[in-house]
Each structure stands twice: as structure tokens, then as C-alpha cells.
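Results of the structural survey
Spelled out, the chains give:
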Amino acid sequence: MAVVSNGRCAMDPLVENQNEVVDRLKLLYPAVNEEKTPLPRAWSAKEKYNYIGLSQNNLRVHYKGHGKTHRDAASVQATHAIPAACGLYYFEVKIVSKGRDGYMGIGLSAQGVNMNRLPGWDKHSYGYHGDDGHSFCSSGTGQPYGPTFTTGDVIGCGVNLIDNTCFYTKNGHHLGIAFTDLPPNLYPTVGLQTPGEVVDANFGQEPFVFDIEDMMKELRARTRLSIHEFLVPESQGEWQAILHKMVSTYLVHHGYCATAESFAHMTGQPFNEDITTIRNRQRILKLVLAGRMGEAIEMTSRLYPGLLEHNQNLLFMLKCRQFVEMVNGTDSEVCPRRCGFSPSFCTSPRPNSPIQTSDEDSDVEMDTAEEIQNGAGPAVVTSTNGKVSPTTNGYQNGNTTVHTRDCHNFQKQDEEMDIDVPVIRKTCGKPAVERILEFGRELYNMSQRLKVEQGKNEVNKKMLQDAFSLLAYSNPWASPVGWQLDPVQRETICESCNLPRRPPLEVAMAHAQELVRLMSTAGLGSCAFADVPDLLEH
């Protein structure tokens, strides 16, 4: 590999060209997920007859057979089938040389079709032939279709995956529909039959001669129009009211209080939401989603006195989650916060967790099996050395001193309900693991009290067992109960507290996008032009 004077290797243009190919294809077919349904990018070295030769990155095809009879015909398929999510797929073939007789066919075929034939001669095979201009649809007998083609011509083949039709172009001119009722999962295919025949393929790595983008715009506009003109039930007023309510709840959920109120007045909806209540719920929601359960419980008790006291099962569930977040290292009981740190400082599960172990640093013993046997707290299984690294518990050399000015700032900001800088509690002065064990004992005592007052509660028992089980592993994130540490579990808490994680409008959007994805999986080509954000913009 030669090195040029500017320090770049001679292969760089090829690498840049490959990157450009990827970008072009993604622009042409943005709805295609190539991890699941790769796009055709070259001819297959496996799915071809022996008389076919490939070169130039498997984009050039040449005939190397005898070419005496139709039994010497040979074809090759592309590497992958055409994904339905393309919506409209197109490729072009340039005739480098028509060879002796120009017996060439360009088209499509299904997997397993005989490659010792030209496209269109067998079942589930479709082709447009250059020697006579006929189209062949699963038959050895062709039908008059278009002009013949020869050396220098560029023949395009397009597949409309919405109405399952196929069309061809010649030198940029549309020749009309050639085939209808096409089956899914067809492969681009070319066939040659006489010596000297050579063709080059363009799967999108270069600009096409035919303006396929303009055709895609037309299909996109047609799809958008069909969606806009979709007939709703006769009770349209009811649908309109539901949509207005969805927009209103979206605005309320995200705290756009003034806008929500104005929108309600403009659409004739009653607006019964209290602005202060909206903001308070938002703050509590953010604390829960950040894993700062202790602060969320405290704020809820302060803003809504009596709510948790009169719903002890809810309070127990919140405290079980707080125990999980303490193991996670996100709760302020074990993760001290100082002014100047971003609110995401303790939202990452592992960095601040006191449960991480180390082979070098060790001070805190974690064997409390005797306590749990006495009903005093959770059992803990130690790591290989039975110790915990003090460098991973959110403390620095055990120093938890907080300057008076910092604490004053915390208190002031907490009064203003700005959760970006959380409160530091007095219990943060204790070693983190010790505080987790102490909190576990408190939680266990609460469960015993609820059992006496309300009788057995299997849900509470399961929650407590799952939470305590986290301490039975040196690496709880990789344990069978590690699912509790996944931040997505916080959403269940929000729902239990009547704090929906996502408003109905966002849920409806997500459902619409998922339906588009399912359309792609089901082979419905219109999914390529049913882009939800694009539809909203128009």
C-alpha cells in the first residue's frame, strides 16, 4: 500500500468511496434497518451459475460459458433480497458489451430459482431481455414490452413495494409497468448467455441515470394524502376532544403551564389543573426517575401531608425502591451531593454504589447473616475477600464534611423546589454500607408492623425479599435479581404514584412508530413513506 506525500495512504479514496456508498443508500432507504434486513450492495459469489464471472467488487458481471444454446444461459442474484421497508427500490445495469448476440436479461428472482436460466424463464422469476425487448414473467414465452438494448445503454429496474409492481427504465426514460402482483423477498438478478457479454451494476453507490428520488417524493406525498384523508368515525367531535385532551396533558406533563391553560381556553376545554400542583408533581417525578427516592419521599410528605401516612403500603413500596437505589448508589442517603455537581452526578448505577468490591482496599465487613437470622436486617454475602472498597461508596477517605455555606445553599434551593441540587441529609455522615444495613433493618421492622396491622401481604413480602437479595451478591447488577437496578423500573414507581412517565400523546407517538416498524416486518412497503415526524410537520 503506497504512501503519498500528504501522509494519507493510497487506499484512502476507496475507503471514502465506501463510506459515501453507505451514506447514499441510507439516504435512499432511511426506513431500512440493515441489521435485520440488509440492502443488496453487490452480486453474490454463491448464488450464481458457473458460467458467470464477477469482478470490480462483485459489481461487474461477465459471461464465461460456451453460449451455444439456451442451456448455456447463466444468472446471478444480489447478496440480499429487497427489504420491504425500501418502499420503492431501484437499481441500474449498464451494458458494457452486448457480446456476440446480446442475449441478456435483467430483473428479479426468488431464492432457490435455477441460475442456469435467464431471468423470467422460471416460476418466481421476472426479466426484461435485450435481444427482443420482451418481458418474461415465470415463463419461457415473453410478451412485447419495450425497446431492445445494447452496448452503452443503462437499464433500470424498479420495484414498487406498495402495490407490488415492477417497472423498467432505459437511459433515464420510464418504460411503464412490466409486472404486477409480485411476491415478497425478491433478489435483483441479471442473466447472460453468449460470450463477450459484460454488464456493470449500480445498486445506489453512484447517482442513477433515472430520477428515482422524484418518484419517491410522489409516493411519499400520496401516502401522506391517504393518511390525511382517512375517514374517522361519525362521532368526529368525540375524536377531536380526545386529541385536544392528549395535547393538553402533554403540555401539563412537561410543565408548560401557561401554554396548557391558553390551549384549553382556545379549544373550549375546562382547565382544572393547579399550576403549583403541576410543578410539584414534576419535581417529584424527576427525583424518582433520577433514583433519588429519599428526597422524593421527603418532598411528597412535605407537599402532600398525610398522603403517605394514610397509605402505608405505598410508602413501603417507595422505601423498598429507596433501598434498591441505595444499593445502586443513586440515593442521597449513600451518595452525598455538593454544590456544583450536575444532577446526573449520582444517576449512574455503578460508579457510586457502595456494594462494589475490590481486591485491594478493604475496611468494611459485610457479614450480617446473624442479624437477619434474628430478624434484625438483611443477609449479606461478601465478595471473595469479604470486604468493600471505600473508594466506591461515594465518600473520599470517609470525609463527609460539608461547609456551612454549602448546606445553606442546599436548604435555600430546596425551599425553592429546585431539584437540580439535592439536599444532603445528616445521615450521610455514616459509612454507606452501614447506612444500607441500618435502613434495611428499619424496612424489615416496618414490614413486621404492617403485617401485624394489616395481615399478610404477599406483594410486600416479595418486594422486601427481592430488595434484600441484592446484598447477597458481590456484583448485584449481574445477579438474577439485578433487574431491580435497571432505571426502567423507576417508571413503575411513577405510575404507582400517579406520576405517568410519559403523557398519552408521547405514548401514541411511540405506538405509531412501532406500528410502522411492524409494517416493515410484515412486508408492507408503505411503511417507507409513513414517517411519523414528517407527517406531523405537514
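Note on numbering: residues in each chain are counted from 1, in written sequence order. Predicted model: local features are reported for residues with pLDDT of at least 70 only, side-chain atom pairs are reported and counted for 80 or more only, and whole-chain, interface and lining totals are derived from all residues. Computation of side-chain values covers all heavy atoms of the structure but excludes hydrogens and water.

1. Side note on the overall build of the protein
Tallying secondary structure elements over the protein gives 14 helices and 16 strands in all. Considering the protein as a whole, with its 538 residues, one finds that 44% of them fall into the buried category. Only heavy atoms matter for contacts: two residues are in contact if any of them lie within 4.5 Å across the pair. When contacts within the protein are restricted to residue pairs at least 6 apart in sequence, those whose partners lie at least 24 apart make up 65%. Summed over its atoms, the accessible surface of the protein is roughly 27,700 Å², and 51% of this surface lies on carbon and sulfur atoms. Numbering of helices and strands starts at the N terminus; helices are DSSP runs of H or I of at least 4 residues and strands are runs of E of at least 2. Relative accessibility decides the category of a residue: with a 1.4 Å probe and only protein chains considered, values under 20% of the type maximum give buried, values over 50% give exposed, and everything between is partly exposed. Surface exposure here means Shrake-Rupley accessible area, sampled with a 1.4 Å probe, where a residue is shielded only by the protein chains that are shown.

2. Here we look at the packing of aromatic side chains
Between 30 and 60 degrees the pair is tilted, below 30 it is stacked and above 60 it is edge-to-face, where a pair is any two Phe, Tyr or Trp rings, Trp via its six-membered ring, whose centres lie within 6.5 Å. Under the defined criterion, the tally for this structure stands at 17 aromatic pairs. Between Tyr90 and Phe167 the ring centres are 6.3 Å apart and the planes differ by 15°, which places this aromatic pair in the stacked class. Residue Tyr90 is located in strand β5 (residues 88–98), and its partner Phe167 is located in strand β11 (residues 165–170); the two are separated by 77 residues in the primary sequence. Residue classification places Tyr90 among the buried residues on the basis of a relative accessible area of 0%. Through a chain of ring-to-ring contacts, the aromatic side chains of Tyr126, Tyr128, Tyr145, Phe149, Tyr168 and Phe179 assemble into a single cluster.

3. Focus: the pairing of strand β4 (residues 74–78)
For β4, the tally of buried residues reaches five of five residues, placing the bulk of the element in the interior. As paired strands, β4 and strand β13 (residues 187–192) are joined by four bridges and run antiparallel to one another. Each residue of the ladder has a partner; that of Gln77, found in β13, is Thr189. Strand pairing follows a simple DSSP-based rule, namely that at least 2 bridges must link the two strands.

4. Description of empty space enclosed by the protein
One way to see where empty space is left: roll a probe the size of a water molecule over the atoms. In the cavity and pocket records, a cavity denotes points on a 1 Å grid over the protein atoms alone where a 1.4 Å probe fits but cannot get out, a pocket denotes an open set with protein on both sides within 12 Å along at least 5 of 7 lines, and lining residues are residues with an atom within 4 Å of a point. Grid points are joined across faces, edges and corners, and a volume is the space filled by probe spheres set on the points. Counted under the stated rule, the structure contains four cavities of 30 Å³ or more. Roughly 40 Å³ of volume is contained in the second largest cavity. Taken together, Ser75, Ser109, Val113, Asn114, Met115, Arg117, Leu118, Pro119, Asp122, Ser125 and Thr189 make up the full set of residues lining the second largest cavity. Three classes are used: nonpolar for Ala, Val, Leu, Ile, Met, Phe, Trp, Tyr, Cys and Pro, charged for Asp, Glu, Lys and Arg, and polar for all others, with Gly counted as polar. Class assignment of the residues belonging to the lining of the second largest cavity gives a composition of four nonpolar, five polar and two charged.

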